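Working through the structure, step by step
Now for the letters of each chain:
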Amino acid sequence: MNFKHLFLTTLLAASFGLVACDNSSSAESSDDNSNKKSGQTYCNVTTTAKSVTVSMALDGEATYTSTVTDAGSRYKTISSEYWYASSSDANKECNDQKKEAASWRDGSYQVSCSGNKIYVSEIDEGSLSAHESDFRDLCRQFDARYGSSSGQNNSTTNTNNGSNAEFSCDVSRTVNSVTMLFSYKGFTFETSSSLLGAGSEVSSVTNMKNVYPNKERANYECESLKRTAAGYPEGSYQISCSDKTVSITMIGDGDDEFVYMDGYADSYCETTRKAYNNGELDDMYEGF
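What you are looking at is a predicted structure, and each value in this text was computed from that prediction instead of being measured.

Thresholds applied
- Residues numbered from 1 in each chain as written.
- Predicted model: local features only at pLDDT ≥ 70, side-chain atom pairs only at ≥ 80, totals over all residues.
- Heavy atoms only, no water.
- Buried < 20%, exposed > 50% of the residue type's maximum accessible area, 1.4 Å probe, protein only.
- Helix = DSSP H or I, 4+ residues; strand = E, 2+ residues; numbered from the N terminus.
- Pairing = 2+ DSSP bridges.
- pLDDT = per-residue confidence, 0-100.
- Contact = heavy atoms within 4.5 Å.
- Axes fitted to C-alpha atoms, helices over the stretch in contact; angles between N-to-C directions.
- Disulfide = S-S within 2.5 Å.
- Core = buried A, V, L, I, M, F, W, Y, C linked by side-chain atoms within 4.5 Å.
- Salt bridge = Lys/Arg side-chain N within 4 Å of Asp/Glu carboxyl O.

Some details on the pairing of strand E7 (residues 167-174)
The buried fraction of E7 is high, at 6 of 8 residues. Note: E7 against strand E8 (residues 177-184), 8 bridges, orientation antiparallel. Opposite aspartate 170, over in E8, you have leucine 181 as the bridge partner. Once E7 ends, the chain turns through 2 residues before running back antiparallel as E8.

Right, dumping it as structure tokens:
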């Protein structure tokens, strides 16, 4: 999706530079400055039945909002707004966005600029849950880099997608890793798969950390996994158990495990979220 690439290469990069520079030389009108709110740094995701929105702010230096709306067809509309305190950064963003729009000859990407604000309108495919997953990934990266100084819930919020205190499933990615975090009724597991090396020397390393609701269940799973590990080459399947936590590390030649995890994570979260919303998750997993 375009907004993910554009955000990572513009807002994060440009706003990081803005923090270190002197903004007194920036030419901005009172209108352009309307978004500037000192001391607010946050990233929030909110959902409704038909939309998902991400809202970001970096200490009054830059803001970004984007809303994906489901109108009932295979296509989703995405409306985004960028704002920068620095006019030079706003102009650069505007030019970059217009170059991006020019590469989409079907007119599905529209850009307009006014003062220090840039407006982007897109038409894209994909489910709302997939768009939400991308937004939450952006917030995790934003929070890891900047944190929050406003007291807002930069760990992301949602209102109507089946992710709450009882159930959640999220996916995040970097260039060479993918992580899935699932939680339901006291059971959580975090699975991360990464690529190490390059070319013929590449290998996949998968780490799993499963936390069970009680120690008896954890002991059962620990013994079962140890029997599984005995059938693998020495060192390639490692198990450690402590109280209610079972940790697994799997190391394999090539990128097969990473490719599998990268393709599996989003569909798993989407499937379990639908099952939770339909009241069917307990039936899918005996023992929850």
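Some details on the confidence of the model for the chain
Looking at the chain as a whole, its pLDDT mean stands at 77, while 78% of the residues score no less than 70. Of all the helices and strands in the chain, helix H1 (residues 2-20) carries the lowest mean pLDDT, 39, while strand E5 (residues 109-114) carries the highest, 93. Note that pLDDT drops below 50 for residues 1-38; the model gives that stretch 86 contacts with residues more than four away or on any other chain. This model gives residues 150-164 a pLDDT under 50, and the stretch forms 47 contacts once residues within four places in sequence are excluded.

Quick notes on the sheet that holds strand E3 (residues 62-70)
The antiparallel open sheet is built from 6 strands, whose spatial order is E1-E2-E3-E4-E6-E5. Strands with a single pairing partner mark the edges of an open sheet, and in this sheet they are strand E1 (41-47) and E5. Neighbour-to-neighbour, the strand axes of the sheet open up by a mean angle of 10°, direction not taken into account. With 8 bridges joining them, strand E2 (residues 51-58) and E3 adopt antiparallel strand pairing. Its bridge partner lying in E3, serine 55 is registered against threonine 65.

As for the state of the cysteines
Here the structure, examined in full by the defined rule, presents 4 disulfides. Each sulfur in the disulfide pair cysteine 43 and cysteine 139 lies 1.9 Å from the other. Classification of the bridge connecting cysteine 43 and cysteine 139 rests on its S-S torsion, roughly -75°, and on that basis the disulfide is left-handed. Here cysteine 43, found in strand E1, pairs with cysteine 139, found in helix H3 (residues 128-146); they are 96 residues apart in sequence, far enough to count as distant. Summarising the burial analysis for this pair, cysteine 43 and cysteine 139 share the class buried. Here cysteine 169 engages in a disulfide with cysteine 269; their sulfurs sit 2.0 Å apart. On the sign convention where negative means left-handed, the S-S torsion of about -70° between cysteine 169 and cysteine 269 marks this disulfide as left-handed. Here cysteine 169 is found in strand E7, whereas its partner cysteine 269 is found in helix H5 (residues 256-277), with 100 residues between them in sequence. Accessibility expressed as a relative area gives 1% for cysteine 169, which makes it buried. Residue classification places cysteine 269 among the buried residues on the basis of a relative accessible area of 3%. Taken in N- to C-terminal order, the disulfide-linked cysteines of the chain are connected 1-4, 2-3, 5-8, 6-7.

Some points on the sheet that holds strand E11 (residues 237-242)
In space, the 6 strands of this open sheet follow the order E7-E8-E9-E10-E12-E11, with antiparallel pairing throughout. Looking along the sheet, the strands with just one partner apiece sit at the ends: E7 and E11. In this sheet, neighbouring strand axes are inclined to one another by 10° on average, regardless of whether the strands run parallel or antiparallel. Strands in contact with helix H4 (residues 215-229) are E11 and strand E12 (245-253); relative to E11, the strand with the most contacts, it is inclined by about 160°.

Regarding the nonpolar core
Membership of the largest hydrophobic core comes to 25 residues, with the highest contact counts inside it found for Phe167, Cys169, Met180, Phe182, Val246 and Leu281. Of all elements in the fold, only E7, E8, strand E9 (187-196), H4, E12 and H5 reach the threshold of two or more residues within this core. For this core, the element with the most residues is H5, which contributes 7 residues. Those residues in contact with methionine 180, other than ones at most four positions away along the chain, are Cys169, Asp170, Val171, Phe189, Glu190, Thr191, Met261, Tyr264, Ala265, Tyr268 and Cys269.

Quick look at the pairing of E5
Judged from the 6 bridges that link them, E5 and strand E6 (residues 117-124) form a sheet pairing that is antiparallel. Bridge assignment links glutamine 110 to a residue of E6, and that residue is serine 121. What sits between E5 and E6 in their antiparallel hairpin is a turn of 2 residues, with glycine 115 showing a positive phi close to 60°.

Here's the deal with the pattern of salt bridges
Scanning all chains against the criterion turns up 9 salt bridges. The salt bridge partner of arginine 173 is aspartate 262, with a shortest N-O separation of 2.6 Å. Here aspartate 262 lies in helix H5 and arginine 173 lies in strand E7, a separation of 89 residues in the sequence. With a relative accessible area of 31%, aspartate 262 lands in the partly exposed category. For the salt bridge of glutamate 221 with arginine 217, the shortest nitrogen-to-oxygen distance reads 3.0 Å. Here arginine 217 and glutamate 221 lie together in helix H4, a separation of 4 residues that amounts to about one turn. For arginine 217, a relative accessible area of 24% translates into the label partly exposed. What you see here is one network of salt bridges that share partners, running through Glu132, Arg136 and Asp170.

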